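Structural overview
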Amino acid sequence: MIAETADVLVIGSGIAGLTFALEAAQFGRVVVVTKKDRAESATNYAQGGIAAVMGEGDSLDSHIHDTVEAGAGLCKEEIVKIVVSEGPGKIRRLMEWGAEFSEEDGSLALGREGGHSMHRIVHHADATGHEVERALLDALKRHPQVELWENATAVDLITDRHVDIDARPRNKRCYGAYVYDLEMGRIRAVPARVTLLASGGMGMVWKNTTNPTIATGDGVAMSWRAGARIANLEFMQFHPTALYEPDRKGRAFLITEALRGAGGILLNDSGERFMEDVHPRKELASRDIVARAIDMQRKTHGIEHVWLDCSHLNPDKLRKEFPTIYTTLRDEHGINMVREPIPVVPAAHYQCGGVLCDENAHSTIDNLLVAGEVACTGLHGANRLASNSLLEAVVFASRAAEETKRILEATPKEPLPQIPVWNDSGTYDDEEFVLIRHDVSEIRNLMEDYVGIIRSDLRLERAGRRLAIITVEVEDYWRRTTVSNEIIELRNLAQVARMIVKCARQRRESRGLHTTTDYPDLDPVLGVRDTVI
Ligand code: FAD
Ligand code: SIN
């Protein structure tokens, strides 16, 4: 059962939503809604760790430099400085809340990943996200000011268009969200003074993704429908090394970049170490470079996958430092990674763009804050540096909590407007559920084929035309079908897929994660700007 009203509504229970909830609870009553089970989030599957300057010999300048270099000219440098310099304090806060990180000789053990010039990845073996999610959920259980509802899917943000705006300020403002309560089978309003959107990414838009099924771009779609500015969706990051499985059903199992940091090498089907010819950092070049090189190997050699070989590394160390990957490969896939190479392919992994926000996590809609993967803060630019996303999520979640304090203090007694009930008249149980499934797979297949690692005008145009037809069909289902998570997600997937194509068509150059054969070079003048829609 969802509460009637809250001071603060949080949408999502990954690292961003939970960190924010713990901090914002000092200032008011917090309600967290989450689409499935409380732990089900990208956070829970994060392997490599959290990048932060915690080791001797490392420096903030070096982390800033690596972040900006990966971002290919589009990082907002003031945001990079904020995130990198506030990061170490946030790691200590996570530890105070109970997160345990791997140690070596009494200090934090620091891993290394692509694009980093130093060892600076704080981790919990190869299951960092699971440990962080566990610690945050445990801390939350003890908090009297926070309520958490599972199986509660935010459908739309409540804004001025839902309420009587006569007495309201002219700026668009958010008053909470309409939420689908799976147990009750209906949509109800959850009014709130401040809303934090922390609904994660959109990997499910592509057929091959490392993301869990919750990652359907709901936050970006809801914000766009509410009139917020969205930016840089062309910059989807493909992780170079997901496990290749020809008959895979669910998400692709990630093979952490930390394995390449530990010395793993990439080989093609002829056993050649192809990254030697591509970049001086070889396998530890930034992700866009490694993913493109693998894509090129697949195309030129006509192969489905390349190999990640760790068989030359110390087997005991591998088993100790990568227990999740070692046992999953052995038990579920019959691969012994200490002796044989692992077949790997790139897969959609992380959305660098999202809901545009300022340095205090405020979107372009009043009282709507964003943090985590749903946000476009300016940290990542055109390509995210490995393990910078968990870092960005904790820093921006804390900043959002401070912003919440400011908002609540500025409007302490203002009553919330009357929110109308959700209007579902004219909808009925549609028997053509199969059409919803069909549209989902059509979207995911066409994004995989036409809007992948290497793009072209022709492919983007085709994708745009097909998506235009699909979105019209989906709007029709939406208007007449009884609500369900499937129809909510299909509508969001279709809308964000269209937005991605729109952003990609606007960027007439190749920069960071966006590579197109029609504009293979950087445009040093027009390219140095966000794609805002
Ligand atoms: P999430 O953790 O995805 O949480 C989103 C939450 O929102 C979920 O609870 C979800 O159920 C909920 N939600 C979604 N839609 C709705 C809705 N409509 N209504 C209600 N709730 C909703 N990054 C790193 O920095 N280091 C790593 O090592 C790393 N490894 C990764 C490994 C994998 C396999 C993956 C997929 C990602 C990895 N990343 C890593 C990226 C990182 O994990 C994510 O960017 C980060 O966890 C996002 O956190 P978040 O809180 O924004 O979203
Ligand atoms: C990984 O462990 O390779 C993922 C790290 C990340 O996505 O930042």
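The structure under discussion appears in the preceding block.
Let me begin by describing the structure that accompanies this report.

The rules we used
Per-chain numbering applies: the sequence of each chain, read as written, is numbered from 1 onward. Both sets of labels track the order of writing: A upward for chains, 1 upward for ligands. The predicted nature of this model means local features are confined to residues of pLDDT at least 70 and side-chain atom pairs, given and counted, to a pLDDT of 80 or more, with totals for whole chains, interfaces and linings taken over all residues. Here the side-chain values reflect all heavy atoms present in the structure, with hydrogen atoms and water set aside. Following DSSP output, two strands are said to pair if at least two bridges run between them. Helix and strand definitions here come from DSSP, where helices need a minimum of 4 consecutive H or I residues and strands a minimum of 2 consecutive E residues; each element is numbered from the N-terminal end. Definition of a polar contact: a pair of N or O atoms within 3.5 Å, with one able to donate and the other able to accept a hydrogen when the atoms are protein atoms, and with sequence-neighbouring residues admitted only if both atoms are side-chain atoms. In this analysis, two residues are considered to be in contact whenever any of their non-hydrogen atoms come within 4.5 Å of each other. Fitting a line to C-alpha atoms yields each axis, with helices limited to the stretch in contact; the angle taken between N-to-C directions then spans 0 to 180 degrees. Put plainly, a pocket is an open set of points on a 1 Å grid over the protein atoms alone with protein on both sides within 12 Å along at least five of seven lines, a cavity is a set where a 1.4 Å probe fits but cannot get out, and a lining residue has an atom within 4 Å of a point. Grid points are joined across faces, edges and corners, and a volume is the space filled by probe spheres set on the points. Asp, Glu, Lys and Arg are counted as charged, while Ala, Val, Leu, Ile, Met, Phe, Trp, Tyr, Cys and Pro are counted as nonpolar; the rest, among them Gly, fall into the polar class. An expected span of 1.5 Å times one less than the residue number is assigned to each helix. Burial status follows relative accessibility: with a 1.4 Å probe on protein chains alone, a residue under 20% of its type maximum counts as buried, one over 50% as exposed, and anything between as partly exposed. Whether a residue is near a molecule or strand depends on its heavy atoms: it is near if one of them lies within 4 Å of it. Areas reported here follow the Shrake-Rupley algorithm with a probe of radius 1.4 Å; residue values treat only the protein chains shown as occluding. Pocket occupancy is defined atom-wise: a molecule lies in a cavity or pocket when more than half of its atoms are within 2 Å of its grid points.

Points about the sheet that holds strand S3 (residues 50–51)
- The sheet built from three strands is open, its strands ordered S3-S7-S6 with antiparallel pairing. Each edge of the open sheet is held by one strand with a lone partner, namely S3 and strand S6 (110–111).
- The sheet contact formed by S6 and strand S7 (residues 121–122) spans two bridges and is antiparallel. Bridge pairing in S7 links Gly111 to Ile121.

Focus: the side chain of His63
- Looking at the element boundaries, His63 is found in helix H2 (residues 60–70).
- There is a polar contact of 3.0 Å between the side chain of His63 and the side chain of Asn388.
- Apart from the residues lying within four places of it in its own chain, the contact partners of His63 are Ala51, Ala52, Val53, Val84, His116, Arg120, Leu385, Asn388 and Leu391.

So, the sheet that holds strand S15 (residues 306–309)
- Read across the open sheet, the four strands follow the order S13-S16-S15-S14; overall the sheet is antiparallel. Every other strand in the sheet has two partners, leaving strand S13 (236–243) and strand S14 (265–267) as the edge strands with one partner each. The average angle at which neighbouring strand axes cross in this sheet is 45 degrees, direction not considered.
- Judged from the three bridges that link them, S15 and strand S16 (residues 342–351) form a sheet pairing that is antiparallel. Across the sheet, residue Trp307 finds its bridge partner in S16, namely Pro343.
- Sheet contacts for helix H7 (residues 287–301): S13, S14, S15 and S16; angle to S13, the most-contacted strand, approximately 60 degrees.

Brief notes about the layout of surface pockets
- Taken as a whole, the largest pocket spans an internal volume of roughly 1,300 Å³.
- Contributing to the lining of the largest pocket are 45 residues, with Lys207, Asn208, Arg248, Asn445 and Glu448 lying nearest its centre.
- Where the lining of the largest pocket is concerned, the elements lending two or more residues are S13, H7, S16, helix H11 (433–450) and helix H13 (485–506).
- Ranked by residue count, the leading element in the lining of the largest pocket is H11, at nine residues.

A few points about empty space enclosed by the protein
- Considering all chains together, one arrives at four cavities of 30 Å³ or more under this definition.
- One number sums up the size of the largest cavity: a volume of about 770 Å³.
- In this structure, the largest cavity is lined by 48 residues; those nearest its centre are Ser41, Ala42, Thr43, Gly200 and Glu373.
- Taken together, the elements giving at least two residues each to the lining of the largest cavity come down to helix H1 (15–24), strand S9 (152–159), helix H5 (218–226), S16 and helix H10 (388–410).
- Taken together, the residues that form the lining of the largest cavity break down as 18 nonpolar, 21 polar and nine charged.

Description of helix H12 (residues 457–480)
- Under the 1.5 Å per step criterion, the end-to-end length of H12 is 35 Å for 24 residues, consistent within 8% with the ideal 34 Å.
- Listed in full, the buried residues belonging to H12 are Leu460, Ala463, Gly464, Leu467, Ile470, Thr471, Val474, Tyr477 and Trp478.
- The inward-facing, buried residues of H12 abut S9, H11, strand S20 (454–455) and H13.

Section: the site of ligand 2
- Around ligand 2, the neighbouring residues are Gln47, Gly48, Glu113, His239, Leu254, Thr256, Glu257, Arg287, His349, Arg384, Ala386 and Ser387.
- In this structure, Gly48 approaches ligand 2 through a main-chain N or O atom, which is 2.9 Å from an oxygen atom.
- Within the backbone of Ser387, a nitrogen or oxygen atom sits 2.6 Å from an oxygen atom of ligand 2.
- Calculation on ligand 2 without its partners gives an accessible area of 260 Å², and the protein chains cover 93% of this total.
- A molecule is said to occupy a pocket when more than half its atoms come within 2 Å of that pocket's grid points, and by this definition ligand 2 occupies the largest cavity.
- Class assignment for the residues of the shell around ligand 2 results in two nonpolar, six polar and four charged.

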